[in-house]
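Examination of the molecular architecture
Spelled out, the chains give:
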Amino acid sequence: MNKDDGKVKRIWRCALLFPVLLSLLTACGKSESSESFDTLFFSDDTTAAAELVADANEDLNKIKIMYKKNEDQLEDLKTAVGDKDIEKVKKITDDLVFIINDGITLGESALGKIEKAEAMNVNSDFKDYLNLKAQSLQKQLDAFEHRRQAARLLRDSFGTNNPAAIEKAKGAFKEQEENAQKTLVVAQEYSKKANDLAKEASKRPAN
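The following refers to the structure shown.

About the cut-offs
Residues numbered from 1 in each chain as written. Predicted model: local features only at pLDDT ≥ 70, side-chain atom pairs only at ≥ 80, totals over all residues. Heavy atoms only, no water. Helix = DSSP H or I, 4+ residues; strand = E, 2+ residues; numbered from the N terminus. Contact = heavy atoms within 4.5 Å. Areas by Shrake-Rupley, 256 points an atom, 1.4 Å probe, with all protein chains shown as cover. Expected span 1.5 Å × (residues − 1). Polar contact = N/O pair within 3.5 Å; in protein donor to acceptor, adjacent residues only side chain to side chain. Buried < 20%, exposed > 50% of the residue type's maximum accessible area, 1.4 Å probe, protein only. Core = buried A, V, L, I, M, F, W, Y, C linked by side-chain atoms within 4.5 Å. Axes fitted to C-alpha atoms, helices over the stretch in contact; angles between N-to-C directions. Parallel < 35°, antiparallel > 145°, perpendicular 65-115°, else oblique. Nonpolar A, V, L, I, M, F, W, Y, C, P; charged D, E, K, R; others polar. Salt bridge = Lys/Arg side-chain N within 4 Å of Asp/Glu carboxyl O. Left-handed = near helix turned anticlockwise from the far one by under 90°.

What to know about the overall build of the chain
Check the secondary structure of the chain and you find 6 helices and 0 strands. When its helices and strands are written in sequence order, the chain yields α-α-α-α-α-α. A sequence separation of at least 24 residues applies to 81% of the contacts in the chain between residues at least 6 apart. Put simply, the chain shows about 10,400 Å² of open surface, and 49% of that area lies on carbon and sulfur atoms.

Points about helix α5 (residues 124–160)
For α5, which comprises 37 residues, the first-to-last C-alpha distance of 54 Å matches the rise-based estimate of 54 Å (1.5 Å per residue) to within 8%. With a side-chain oxygen positioned 2.7 Å from the backbone nitrogen of D125, the residue opening α5 is N123. Backbone geometry just downstream of α5 places N161 in the positive-phi region, at approximately 60 degrees.

Re the side chain of T93
With respect to the helices, strands and loops of the structure, T93 is situated in helix α4 (residues 86–118). Given the relative accessible area of 0%, T93 is considered buried. When sequence neighbours within four positions are dropped, the list of residues in contact with T93 reads L77, A151, L154 and R155.

Let's talk about the nonpolar core
Of all hydrophobic cores here, the largest spans 27 residues; its most connected members are Y129 and L130. Looking at this core, the elements that each hand over two or more residues are α3 (46–83), α4, α5 and α6 (163–202). For this core, the element with the most residues is α5, which contributes 8 residues. The next biggest cluster of nonpolar side chains, apart from the first, holds 15 residues, and it includes L77, A80, V81 and V97.

Here's the deal with the packing of α5 against α6
In the contact formed by α5 and α6, the axes pass within 8 Å of each other and the chain directions differ by 170 degrees. With respect to α6, the element α5 is oriented roughly antiparallel. Its residues assigned to classes, the contact of α5 with α6 shows 20 nonpolar, 13 polar and 9 charged.

Observations concerning the pattern of salt bridges
Considering all chains together, one arrives at 10 salt bridges under this definition. Of the charged contacts in the structure, one is a salt bridge between R147 and E177, with a shortest N-O distance of 2.9 Å. Residue R147 is found in helix α5, and its partner E177 is found in helix α6; the two are separated by 30 residues along the sequence. Of the two residues, R147 and E177, neither departs from the other in class, the shared state being buried. Salt bridges sharing partners connect three or more residues here, namely D94, R155 and D156.

With respect to unusual backbone geometry
The phi angle at K84 is positive, at roughly 55 degrees, despite the residue not being glycine. With respect to the helices and strands, the residue K84 is situated in the loop between α3 and α4. Look at K84 and you get exposed, because its relative accessible area is 55%.

A closer look at the environment of D128
Within the fold, D128 resides in helix α5. Since its relative accessible area comes to 41%, D128 is described here as partly exposed. Counting along the chain gives 65 residues from D128 to K193, while the straight-line C-alpha distance between them is 9.9 Å.

Considerations on the environment of A150
Structurally, A150 can be placed in helix α5. If we skip the residues at most four places from it in the chain, A150 touches F173 and Q176.

Observations concerning α3
Three- or four-residue spacings in an α-helix give side chains the same orientation, since the helix completes a turn every 3.6 residues. Compared with an ideal rise of 1.5 Å per residue, which puts 38 residues at 56 Å, α3 spans 54 Å between its outermost C-alpha atoms and is within 8% of the ideal. Of the residues trailing α3, K84 is marked for its positive phi of about 55 degrees.

Quick word on the packing of α4 against α5
Between α4 and α5, the shortest axis-to-axis distance is 8 Å and the interhelical angle comes to 160 degrees. Here α4 lies roughly antiparallel to α5, going by the angle between them. Crossing geometry of α4 relative to α5 is assigned as left-handed. Grouping the amino acids of the contact of α4 with α5 by side-chain chemistry returns 18 nonpolar, 7 polar and 11 charged.

Function-wise, these values are silent; they only describe arrangement.
Here it is, written out as structure tokens:
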């Protein structure tokens, strides 16, 4: 094994099967990778591409923390909406919009790094893996956008104190949240395909 192979191996152990955003995120230490996977995928740009994936993983780990806070506040928001607590709804939705904005910024940063890695001179299997991960992350960003729109609708409608507008916003909030959940399912499917590809590739003998 040459020096570059060893470097890539260390990066893969933490970064290759990087955690899925939102509910699919898990600690890097729990990710599975193969001793031969990086060797199989090695090419002139693989070290640099793997480092980009590692950087993207750092962004995703930050989003994991934000997502947990997002989920906790969503439950509080649902309670406040049910209680028609206008002030609490306005405060929670304001906080949610800021959290989601920060999460989307980090997610876009991670996606840019993955797409940059995908454009490099890497093995076709690695390129396919990165493409699937990029599609998964894009879907997760779409889900975040649904939640941001839902939070804005509630914030603006509850701010008017208009009962009709509030009821309309409550229906729209439910619809946006359902859309977010459906989009996350699609994101999970893309991520599973990527991980299955990686597992299959890891079973092939290294050159």
